[in-house]
Amino acid sequence: METSIKITLKNQVLLGLLALSVSGCSDGDSSFAYSQRTQSLIKEAQNGSEGGPGVKQTLDTRFGNPQQLKAWMKLPVEWGGSAASVESFAASDTEARIKFVAQEGVTLPAVASSVQFVTGEGAGQSIALTAWDEKTGEAVLAGVPDKTPVSGDLCVIDGGSTLKSGRVLYMRHCSHCHGAAGDGNGPTAQYMIPKPRDYRHGVFKFTSTNDQSKVSRNDLLRVLKYGIPGTYMPSFLLMKEDELHAIVEYVRFLSMRGEYERRLVNELASDYSETAVSDRLASEKASDIVEELQSFLKDEFPATAETLGDDLAEIWTSADTEDAKILPTVARVEDSAESRQRGRELYLSKTLNCADCHGIDGAGNGPQTVAFEKNPVTNELYPEAGLHDVWDNPNQPRNLQRGIFRGGRRPIDLFCRIHAGIKGSRMPSFKNTPHEDIWHIVNYLLSLQFESDPGTIAAKSVAPSETGE
Ligand code: HEC
Ligand code: HEC
């Protein structure tokens, strides 16, 4: 089976999208599942009309489906492939031979199965290779191209190879938990608490980036290497580095696809969800609503869809920059009885009030765990007491006495957890807390596991009125 992939070329200014053929993908579904929110729109908003595409087509044009992946050049995903140019070309009736030279800074791949022409007469053509010599750059094409390539034509060899191998590995190792579309709802997911991450929000919990930033590639790599202790998320430490790299890129691809879908739906949901339309029907005619939608899809939606892609590209790109990283301004405060004591006081203080969620002795049983909270979207109370995350899953504060930290137990991991919070969860960011104070809390947290009576320091040093209750 052939999968057409579009790829971005780093060092060249190229127009439009590139379609590259790679082979593979025999497993998996024939389409990515659409979100429930997409399906809650009226049919015309989902499927579009003659006026213009709706959510589904807009999404599919840019991301394809599991059998037919597409790469949207502007997104910061490493699609894979080597940029090269044609040095010479010679064809007989039966055979076409071609010689490539790699672009500066690029190495030719050891194995190559296809070439996509990017510029010249044959731009857009994608041809399989039947023989390949990485040392000389010589190849035999599987067919004689319609348009003859000439010296200098730009092309991509084995484009999309990283994304494609990421997909194969993901389907094998991750999809039974995280789902083929990354919706966190694979066949084994129903038996798990916490649930496997639904990537489609583009939100990841354990990051070394500040509270407003996305997850970095390194953060994802770390989660893959070490797993998430105390949950079903396993470690893939034994996987090869380039395989891990490919999976990370595929997870990013699925995350961006899901987030893009959410953003597209946001543009339409307030006026064109089933519920919105049934409300509007009290005072408006159905045909007027559909007509209005059609002109919106024709006149505004395409431009909006481009802009949303630009925004997405920007925020995901910046997550990998130095600016996004949490950098403590003071070195770790050495662990000592005084430092733990100070940490304990801060933990109980009215300003930070960790105990409100985690409890006076850190057992994860603060007052918030028994209160009923409202679903911020529907504004209705959740059926069960306690906190919930953005995926609407119950999300109770950690029992800090166990010494199991999902985002890692290095002091810097805990520093990041307090500084940025746990994204998507109710664990807030304490980025305005002085860094020295954060270190004191870290020392306190790391000591809790060994306290025989974690409540004692509190009883001695902090009056109950100061705990914020
Ligand atoms: C046995 C089920 C299972 C398998 C297999 C699995 N995961 Fe997970 N994964 C989970 C669970 C459960 C969580 C959520 C843990 C939590 O919320 O603390 C998770 C969370 C994650 C996260 C979120 C990290 C964060 O900071 O939010 C990523 C990324 C991830 N998994 C990637 C993968 C990838 C990639 C694979 C395959 C190589 C994989 N997982 C395989 C169960 C699984
Ligand atoms: C509004 C409730 C709330 C407050 C206030 C709160 N937390 Fe949390 N905290 C949570 C929740 C919920 C989780 C679990 C999130 C998850 O893993 O999905 C959590 C998790 C944690 C973890 C676990 C990190 C890991 O890697 O597993 C630590 C450590 C932590 N909180 C420390 C603190 C400290 C220190 C404070 C005060 C400075 C604090 N929390 C304040 C709700 C809260």
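One pass over the structure, following the stated rule, counts zero disulfides. Free cysteine: Cys-416, not disulfide-bonded; nearest cysteine sulfur from Cys-354 at 16 Å. Accessibility expressed as a relative area gives 5% for Cys-416, which makes it buried.

Glancing now at the nonpolar core. If you look at the biggest cluster of nonpolar residues, it comprises 57 residues, and the most contacted ones within it are Leu-75, Tyr-170, Tyr-250, Phe-253, Tyr-260, Leu-264 and Leu-268. Mapped by element, the contributors of at least two residues to this core are α3 (55-63), α4 (161-173), α6 (217-226), α7 (241-272), α9 (286-299) and α10 (301-318). Here Tyr-250 is in contact with Phe-32, Leu-69, Leu-163, Gly-166, Arg-167 and Tyr-170, once residues within four sequence places are set aside. In terms of nonpolar packing, the next biggest core, distinct from the first, is built from 24 residues, Ala-355, Leu-414, Ala-420 and Phe-430 among them.

So, about the confidence of the model for the protein. Mean pLDDT for the protein: 89, with 90% of residues reaching 70 or above. Contacts from residues 1-16, a stretch scored under 50 in pLDDT, to residues over four places away or in other chains number 69 contacts. Confidence drops under pLDDT 50 across residues 458-469; counting only partners more than four residues distant or on other chains, this segment forms 19 contacts.

What follows concerns the packing of helix α13 (residues 411-420) against helix α14 (residues 435-448). Put simply, α13 and α14 touch, their axes get as near as 9 Å, and they point 120° apart. The angle between the axes of α13 and α14 places the two elements in the oblique class. α13 and α14 meet at a crossing whose hand is right-handed. For the pair α13 and α14, contact is made by Pro-411, Ile-412, Leu-414, Phe-415, Ile-418 and His-419 and by His-435, Ile-438, Trp-439, Ile-441, Val-442, Leu-445 and Leu-446, respectively. Residues that form the contact of α13 with α14 fall into these classes: 11 nonpolar, two polar and no charged.

Attention shifts here to the domain arrangement of the protein. Here the protein is described as being made up of domain 1 (1-81 + 159-325), domain 2 (82-158) and domain 3 (337-467). Just the C-alpha atoms count here: the centres of domain 2 and domain 3 sit 58 Å apart.

Quick look at a nonpolar patch on the surface now. Taken together, the side chains of Tyr-226, Leu-237 and Leu-238 present a nonpolar region at the surface, about 400 Å² in accessible area. Structurally, Tyr-226 can be placed in helix α6. Given a relative accessible area of 49%, Tyr-226 falls into the partly exposed group.

So, about the pairing of strand β7 (residues 114-117). Where burial is concerned, the two faces of β7 agree: the one with Ser-114 and Gln-116 and the one with Val-115 and Phe-117 are both buried. Here three bridges tie β7 to strand β8 (residues 126-133), and the two strands are oriented antiparallel to one another. Bridge pairing in β8 places Ser-114 opposite Ala-128. Here three bridges tie β7 to strand β10 (residues 154-157), and the two strands are oriented antiparallel to one another. Along β10, the bridge assignment pairs Gln-116 with Val-156.

Below, the discussion takes up the coordination of the iron atom of ligand 2. In this structure, His-358 (NE2) and Met-427 (SD) serve as the protein donors to the iron atom of ligand 2, at separations of 2.0 to 2.1 Å. Geometry at the iron atom of ligand 2 is octahedral, judged from the six donor atoms that bind it and their angles of 86 to 179° at the metal. Taken together, the residues His-358 in helix α12 (residues 355-358) and Met-427 in the loop between α13 and α14 connect sequence positions 69 residues apart. Take His-358: its relative accessible area is 10%, and that puts it in the buried class.

Along the polypeptide, Pro-109 turns up in the loop between β6 (96-102) and β7. Classification of Pro-109 as buried rests on a relative accessible area of 17%. If sequence neighbours within four positions are ignored, Pro-109 has contacts with Ser-82, Trp-132, Glu-134, Ile-157 and Asp-158.

Around ligand 1, 26 residues are found, and the nearest of them are Cys-174, Cys-177, His-178, Lys-205 and Met-233. One of the backbone N or O atoms of Lys-205 is found 2.7 Å from an oxygen atom in ligand 1. The backbone of Phe-206 places a nitrogen or oxygen atom 2.9 Å from an oxygen atom of ligand 1. Contributing elements (two or more residues each) for the shell around ligand 1: α5 (175-178), α6 and α7. Classifying every residue of the shell around ligand 1 by side-chain character gives 18 nonpolar, four polar and four charged.

Criteria and cut-off values
As a convention, each chain's residues are numbered from 1 in the sequence order in which they are written. Ligands are numbered from 1 and chains lettered from A, in the order in which they are written. With pLDDT at 70 or above as the cut-off, local features in this predicted model cover only qualifying residues; side-chain atom pairs require 80 or more to be listed or tallied, and sums for whole chains, interfaces and linings still use all residues. For the side-chain quantities, the full set of heavy atoms in the structure was used; hydrogens and water were omitted. In plain terms, two cysteine sulfur atoms within 2.5 Å form what is called a disulfide here. With a 1.4 Å probe rolled over the protein chains alone, any residue whose accessible area is under 20% of its type maximum counts as buried; one over 50% counts as exposed, and the rest are partly exposed. To qualify as a nonpolar core, a set must consist of buried Ala, Val, Leu, Ile, Met, Phe, Trp, Tyr and Cys residues joined through side-chain atoms within 4.5 Å. Secondary structure elements are defined from DSSP: runs of H or I of at least 4 residues count as helices, runs of E of at least 2 residues count as strands, and each element is numbered from the N terminus. Contact definition: two residues touch when any of their heavy atoms are within 4.5 Å. On a scale of 0 to 100, pLDDT captures the predictor's confidence in every residue. For helices, the fitted line uses only the C-alpha atoms of the stretch in contact; every axis is such a line through C-alpha atoms, and the angle between N-to-C directions lies from 0 to 180 degrees. Oblique is the label for every angle not falling under 35 degrees (roughly parallel), over 145 degrees (roughly antiparallel), or within 65 to 115 degrees (roughly perpendicular). For any helix crossing, the convention is left-handed if the near helix is rotated counterclockwise from the far helix by under a right angle, and right-handed if that rotation is clockwise. Put simply, Ala, Val, Leu, Ile, Met, Phe, Trp, Tyr, Cys and Pro go in the nonpolar bin, Asp, Glu, Lys and Arg in the charged bin, and everything else, Gly too, in the polar bin. Domain limits in this description derive from either an automatic procedure or a database domain assignment. Patches here: salt-bridge-free residues with over 30% relative accessible area, like charges joined within 9 Å, nonpolar side chains (Val, Leu, Ile, Met, Phe, Trp, Tyr) joined within 5 Å. Computed by Shrake-Rupley with a 1.4 Å probe, the accessible areas treat only the displayed protein chains as cover when residues are assessed. We count a salt bridge whenever a side-chain nitrogen from Lys or Arg sits within 4 Å of a carboxyl oxygen from Asp or Glu. In this description, strands pair whenever DSSP reports at least two bridges between them. Metal sites are built from N, O and S donor atoms within 2.8 Å, or 3.2 Å for Na, K and Ca, and they leave out water, so they may look incomplete. Labels for metal geometry use angle windows, namely 85 to 135 degrees for all angles of a four-donor tetrahedral site, and for square planar (four donors) or octahedral (six donors) sites opposite donors over 155 degrees apart plus all others within 65 to 115; sites meeting none of these are irregular. Note on definitions. A residue lies near a molecule or strand when any single heavy atom of the residue is within 4 Å of it. What qualifies as a polar contact is a pair of N or O atoms within 3.5 Å, subject to a donor-acceptor requirement within protein and to the restriction that residues adjacent in sequence count only when both atoms come from side chains.

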